[in-house]
Every structure is written in structure tokens, then in C-alpha cells.
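Observations on chain architecture
Residues per chain are reported as follows:
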Amino acid sequence: MDKERKNIVIIEPSPIVFEGISASIAKRENGYSFFWLENIDEISILQQQKRISIILINPAIIQNRLQEFVKVKNQFPEIYWIGILYSFFDSHILTTLNDTFSITDSISIVIKKINKICKDSTSKLNYNEDLSKREIDVLKLLAKGFSNKEIADKLNISIHTVMSHRKNIMDKTGIRSLPGLTIFAVTKKIITLE
Amino acid sequence: MYQTKKTYITPTSKMLDLINDNHSLLLLLQHFNIDFAVSNATVKELCSKNNVSLNVFLLVGNLYNDFYPEKVESFKVEEVKSLLTFLKNSHAFYIEDKYPELNFYLQKIKDGLSPDDFKLIEKFFNDYYSEVLDHFKYEDEIVFPYFCSLINNSSIPTTAISVEEYRNHHTDIETKLTDLKNLFLKHISIKNELSAKRKFLNSLFELEFDLTIHSIIEEKILIPLVEKIESERNG
């Protein structure tokens, strides 16, 4: 299963609206997990445990706390904010959000919006499939069985950098296991078998 | 992936219509030991005739039709038996049917690859397969008996399972399967043998589809049930 589950947070005072939205989406799409929050303060706590992709929010929650909201939004630039509209809101509130949908919209419109956002963020990762020179250096050593620490020493870089190269190699090739990466390296003639 | 239409299965759905909409449901029937000659039966009739829990059938069937359960209610003891039958039969299917088939097509594409490349891929496949066998053995010999003893309310066996370890097993099996698929779809080109390669990939997709459902059942249904029973006992 390479489809990683995406976390969607719904910030909305009404439990019925939360249940309604999350259940209608979950019935049609299985790649999403839902979390319910009542205000924006709890986001930073949740973000520490779960990687939040999208937040659906009732704009009434932020209309009197706009400055605070913008601060939170800037703190987590990777999160996409969608307003849930069930009444009229001033446009200066809505422009702080990335997108909106109306409570009278069909659920398929909402799902389309969500799917598109999640697809875009994944495809950006795979944009350039060619490995950089440094990534190839790391891959060669990985395929020969060296540990992160040994690779860091050999290439004179930090372990953190090795791990970040490793992650990029996996994202670009779509191969996550070590034996799989070895096959990749051999068939692409990056290493030869002795 | 095989489905052409998304149908939510209800007790009154006609099985024949469901199969026509999504023929991978044949595999669902096989895993429940139900014959394919379903005639005009509704899901409810079919389940009662074959002694399969209707609730379990609906839950698993809807997973095959790509409906993910929002909440899983607790099952009764007899119902859990249906669930375990399903899981055990799936294991048998993977071992007796799916992996030999994959191996058969893998040998067919041998000539399209350099000997070194083939050797590596074959080793990857064999290592992966023995890992899968170990995992099934662990489930058949430790997890399922542990679970049976819990629901039968008999004394707690000495070998408790580690939920965390159990989850890691799954992730590993799924990662390598995806790797195998990506190697062939993104990186390894094979001279000729297109037909064998397609059959190999088809088979991989079918296995991946079924294994995904298998994992969802174990992780989202079986494990929470175990944890619930455990906490009720301890509390």
C-alpha cells in the first residue's frame, strides 16, 4: 500500500456537521483519516503527532481572531485551509483561506477538491525523477550495505543529511526497501555486482 | 481495481448483480467457502445458507467494493469465527495459489533479463516470499489461537501478542510488494516477454488488492477487538 493515509482536520463547533462531512467522505474515499477540533489553538498539538494535510474550518471560528489565525496559518504553510460556508462571510475573512465550499454543495465537489490537493502535493514530490550526484553517492553506499552512520563518515556529511538524501532517493524511485534499492542500483548500472 | 461500478452491498443486494459489477468478489466468496453458483440469492440468503455471519460478510464485501468502514461495531463470538475463517482461507490462497502463480510468470520473463539482474530479482522475490510465509505462520500459530482463546473466554495463554510487532510485519510486506511493482513499472525494461510481464504484473496487482483488504481487516478490526477484550478483562 503506497497510498499513505492523509489526515484531515475539521474545525467546527457542531458535532453533527463534523460527523456528516467525515462520514460522507469516508463512505466514498478510504485514504483519509478525520480529526475533530473545536478551535485553532489545538492545531499545534495535533500537528506534532499527525501530519495534517487539509483543514476544513467554519469561518465563524476565526472571524474575531483573524490575526491569531494568520499567525497559525503561517506557522504551518504545508496545511491547506478550506472554509465551510453556511452563511455569508466578509470577503476579507475568506481571502485568508485557500479555498471554500458551501454546505449546499454536493459531497462529490468537496471530495474532488480534497483529492486534487492531495494528488498535487504527492506529484510535486516526484517531480524530478533523476537522482542528483550526491544521491547517487549515497545510493552506492546504501546498496553495498553501509549504515547511515558509516555513509555520513565516508562522505563527510551529517547523518541528518544522509537520511534526507535517503528519503529523496525513495521518493524519486518509488522503491523503499534496501534490497529493492540494490536491484535498482544494479539494473541502472550505478553499481556492479562483484 | 477490478470493479467497474461502486455498489454499496446491503443484505438485500442480489449476489449475481454484485459479481457482475465487481468480479473480484469471486475471491471474497472463495475466502468464505461459498460456491460461485449463487443463482438468484440475496446476500442475506447466501450467508444464512453457508453459515457465514451477515455482518462480517457486509463489512468485508464492502471493503472489496472500496467502502471503508467508519466505525466497526463489536462482533459476537460466532461472527468472529467467520472473520477468522476468511483470514485463514486468504492465507491458503496466497500460499497455494498466488505466490506459485507469481513465481511461474517470473520464470517466464527470465530470458528477457540479463542473468545478473534476474538473479537479484529472483532473490528479492524469494526472500520476500519467505518473509510472508513467516508472517502467516506467526498469525496461524500465535495470533489466531490467542484470539480464539480470548473470545472463548478460556484462560489467557502464555504467549501474548505484541500489537506493535504485528503492525510492523504488515508494513514490511506491503513495502516490498510495492517495490516489486515499481521496479517493473518504473525501472526495469524487459526485452520481449511482454505478455508474461503483464501477467506477472496483473497477478501482483491482484495480490496487492487482496493483501490490502487483509491488512485492513487485521489492523482495523481484529486488533481493536483484541485490545477491547483485553482492556475489559484487565479493567
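Residues numbered from 1 in each chain as written. Chains lettered and ligands numbered in written order. Predicted model: local features only at pLDDT ≥ 70, side-chain atom pairs only at ≥ 80, totals over all residues. Heavy atoms only, no water.

Notes on the overall build of chain B
The helix and strand tally for chain B stands at eight helices and zero strands. Counting helices and strands in the order they occur from the N terminus, chain B gives α-α-α-α-α-α-α-α. Expressed as a percentage of the 235 residues in chain B, the buried residues total 51%. Partitioning the intrachain contacts of chain B with sequence separation of at least 6 by distance along the chain shows that 74% fall at a separation of at least 24. In the structure as shown, chain B presents an accessible area of about 11300 Å², 51% of it carried by carbon and sulfur atoms. (Helix = DSSP H or I, 4+ residues; strand = E, 2+ residues; numbered from the N terminus. Buried < 20%, exposed > 50% of the residue type's maximum accessible area, 1.4 Å probe, protein only. Contact = heavy atoms within 4.5 Å. Areas by Shrake-Rupley, 256 points an atom, 1.4 Å probe, with all protein chains shown as cover.)

Here's the deal with the nonpolar core
All names here are of chain B. Ranked by size, the top nonpolar core spans 95 residues in total, and within it M15, F57 and Y99 carry the most contacts. Looking at which element gives the most residues to this core, the answer is helix 6 (residues 115-151), with 16 residues. Residues in contact with F57, not counting those within four places in the same chain, are M15, L28, L29, F32, I34, V43, C47, V52 and N62. (Core = buried A, V, L, I, M, F, W, Y, C linked by side-chain atoms within 4.5 Å.)

Some remarks on the interface of chain B and chain A
Each partner contributes residues to the interface: chain B has 23 residues there, and chain A has 23 residues. Together, the buried faces of chain B and chain A total about 2300 Å²; carbon and sulfur atoms form 60% of this surface. At the boundary of chain B and chain A, one finds zero salt bridges. Taken together, the links from chain B to chain A amount to five residue pairs in polar contact (both at pLDDT 80 or more). Elements that contribute at least two residues to the side of chain B that touches chain A include exactly helix 6, helix 7 (163-187) and helix 8 (194-234) of chain B. Per-element tally for the side of chain B that touches chain A: the top contributor is helix 7 of chain B, with nine residues. A breakdown of the residues in the side of chain B that touches chain A according to their chemical character gives eight nonpolar, five polar and ten charged. (Buried area = accessible area lost by both parts, 1.4 Å probe. Salt bridge = Lys/Arg side-chain N within 4 Å of Asp/Glu carboxyl O. Polar contact = N/O pair within 3.5 Å; in protein donor to acceptor, adjacent residues only side chain to side chain. Nonpolar A, V, L, I, M, F, W, Y, C, P; charged D, E, K, R; others polar.)

So, the packing of aromatic side chains
Applying the stated criterion across every chain yields a total of 15 aromatic pairs over all chains. Seen in terms of ring centroids, F32 of chain B and F86 of chain B are 5.1 Å apart; in terms of plane orientation they differ by 45°. Their pairing is tilted. Here F32 of chain B, found in the loop between helix 2 (25-31) and helix 3 (43-49), pairs with F86 of chain B, found in helix 5 (residues 77-108); they are 54 residues apart in sequence, far enough to count as distant. Considered together, F32 of chain B and F86 of chain B belong to a single accessibility category, that of buried residues. Between the aromatic rings of F184 of chain B and F200 of chain B, the centroid separation amounts to 5.2 Å while the plane-to-plane angle is 65°, which identifies the pairing as edge-to-face. Placement of the pair is F184 of chain B in helix 7 and F200 of chain B in helix 8, with a sequence separation of 16 residues. Across the pair, F200 of chain B and F184 of chain B agree in class, each one buried. One aromatic cluster is present, formed by F32, F57, Y64, F86 and F209 of chain B through successive ring pairs. A cation over a ring is seen here: K27 of chain A above Y8 of chain B, with NZ or CZ 5.0 Å from the ring centre. (Phe/Tyr/Trp six-rings, centres within 6.5 Å; stacked < 30°, edge-to-face > 60°. Lys NZ or Arg CZ within 6 Å of the ring centre and 35° of its normal.)

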